[in-house]
Amino acid sequence: MPEGHTLHRLAREHRRLLRGRVVAATSPQGRFASGAAALDGATLRTAEAHGKHLFHRYRSDAADLTLHVHLGLFGRFTTWQGQAPPPSTGCRLRLATVDDGPPVTIDLAGAAACELLDPDGERRLRARLGPDPLRRGADPDAAYAALRRRRAPLGQALLDQSVIAGVGNVFRAEALFLCGLDPRREARTLTRPEFDALWTTLVGMLRDGLRRGRIVTVTAEDAGRAPGRLATEDARYVYRREGLPCRRCGTPIVAWTLAARRMYACPRCQRTAPPSGGAAAAASA
DNA sequence: TCTGCATGAAAAA
DNA sequence: TTTTCCTGCAGAG
């Protein structure tokens, strides 16, 4: 489930449950044994997310330590308050409070990255990330400038974390649908008004995902009922709906592989052509 | 028990 | 552009 909203939600949860708490850190699976040893007995100062990256900031004796986690496709955190079961065999990192407060245990498994970063390492990592719509001060101009530099298809450019940090496969498909944009168009042909609508849509979707804890893009009007109660497959317009009728026009949704990921779109609702050939394309369609 | 698949991204070729 | 690495789960056999 990890797109940007998931990581911001985890950061918030970890701050709420662990900020100021002393933790015991272990690596039951063993692959983060040395890192866990360094973290053991440290106090969490804060947790934050940038795109799909999560950072825990700890103070241990005199040293400051930063834990960096990227969940990748399979990673997941599991949290217990009170008694926790034994860690699963794949548990890379277990954090468990050892102070007098209420007991909290957080397990991490399947992460693509779980490492301690020094300030320089974090700087290099952050330099590769574009603006994150969920972070204060996110600069849409930087995202637009990056898109205008790319010859790659818009659908591909949107997954590039150096363009906009936090957008994943669900958000890209749904945002492009809602904005009526053809994913195959060259990113650099995007006009400023088109980009502004796309950015606004993404900000809204990410914030909504952060609030709900799940991705629901279908409006109550299009769903015909309260979207909060929709089953996952009914909560989206195009993502994983190949062959099913578009909720707006009834045309079957199409899917293809773009930049090694599945891209979904409505061939009728998403054929906005670049401004130069727009009128002719629309007339012939 | 085995297989395939998943909301990701880096390394290799 | 292809391969590889993370793990857990559902569905098939």
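Refer to the structure above for everything that follows.
Scope of this entry: the structure provided in the associated data block. Chains are numbered independently. Their residues run from 1 in the order of the written sequence. Each chain takes a letter, starting from A, and each ligand takes a number, starting from 1, following the order in which they are written. The predicted origin of the model limits local features to residues at a pLDDT of at least 70 and limits the giving and counting of side-chain atom pairs to 80 or more, whereas totals for whole chains, interfaces and linings rest on all residues. Hydrogens are left out, water is left out, and the side-chain values use all remaining heavy atoms of the structure.

**Comments concerning the pattern of salt bridges**
And then number 1: Think of a salt bridge as a Lys or Arg side-chain nitrogen and an Asp or Glu carboxyl oxygen that are within 4 Å of each other. Applying the stated rule across the entire model yields 19 salt bridges.
And then number 2: Across the salt bridge formed by R184 and D182, the nearest N and O atoms sit 3.1 Å from each other.
And then number 3: Exposure categories follow from relative accessible area, calculated using a 1.4 Å probe and restricted to protein chains: below 20% of the type maximum is buried, above 50% is exposed, and the middle band is partly exposed. A relative accessible area of 47% means that R184 is categorised as partly exposed.
And then number 4: Between R212 and D208 there is a salt bridge, with the nearest N and O atoms lying 2.6 Å from each other.

**As for the layout of surface pockets**
And then number 1: Considering only enclosed or pocket space, the second largest pocket measures out at about 270 Å³ in volume.
And then number 2: Along its surface, the second largest pocket is lined by H8, A11, R12, R15, A47, E48, A49, L134, R135, R136 and L210.
And then number 3: Broken down by secondary-structure element, the contributors of at least two residues to the lining of the second largest pocket are α1 (4–18) and β2 (43–50).
And then number 4: It is α1 that contributes the most residues to the lining of the second largest pocket, four residues altogether.
And then number 5: Side-chain classes follow a simple rule in which Ala, Val, Leu, Ile, Met, Phe, Trp, Tyr, Cys and Pro form the nonpolar group, Asp, Glu, Lys and Arg form the charged group, and the remainder, Gly included, forms the polar group. Of the residues assigned to the lining of the second largest pocket, the class counts are five nonpolar, one polar and five charged. Using protein atoms alone on a 1 Å grid, points that fit a 1.4 Å probe yet trap it form a cavity, whereas open point sets bounded by protein on both sides within 12 Å along at least five of seven lines form a pocket; residues with an atom within 4 Å of a point count as lining. Grid points are joined across faces, edges and corners, and a volume is the space filled by probe spheres set on the points. Numbering goes from the N terminus for both helices and strands, where a helix is a DSSP run of H or I of at least four residues and a strand is a run of E of at least two.

**What about the nonpolar core?**
And then number 1: Only buried Ala, Val, Leu, Ile, Met, Phe, Trp, Tyr and Cys residues count toward a nonpolar core, and they belong to the same one when joined by side-chain atoms within 4.5 Å. Within the largest apolar cluster, 45 residues are counted, with the highest numbers of intra-cluster contacts made by L147, I164, L198 and L202.
And then number 2: Contributions of two or more residues to this core are made by α4 (140–148), α5 (154–157), α6 (169–178), α7 (192–212), β9 (254–258) and β10 (261–265).
And then number 3: A total of eight residues in this core trace back to one element, the largest contributor, which is α7.
And then number 4: The contact criterion used is simple: two residues touch if any of their non-hydrogen atoms lie within 4.5 Å. Among residues more than four places away in sequence, those in contact with L202 are L158, I164, V167, F171 and A175.

**Remarks on the protein's contact with DNA strand B**
And then number 1: If even one non-hydrogen atom of a residue comes within 4 Å of a molecule or strand, that residue is called near it. Taken together, the neighbourhood of DNA strand B is formed by 17 residues, with K52, F74, G168, Y239 and R261 sitting nearest.
And then number 2: Among the atoms of DNA strand B close to the protein, meaning within 4 Å, 66% are from sugar or phosphate groups.
And then number 3: One nitrogen or oxygen atom from the side chain of K52 is found 2.8 Å from a phosphate oxygen belonging to DNA strand B.
And then number 4: Identification of polar contacts relies on pairs of N or O atoms within 3.5 Å, with a donor-acceptor requirement for protein atoms, meaning one able to donate a hydrogen and the other able to accept it, and with residues adjacent in sequence counted only if both atoms are side-chain atoms. Here L73 contributes a backbone N or O atom positioned 3.4 Å from a sugar or linking oxygen of DNA strand B.
And then number 5: Counted by class, the surface near DNA strand B contains seven nonpolar, five polar and five charged residues.

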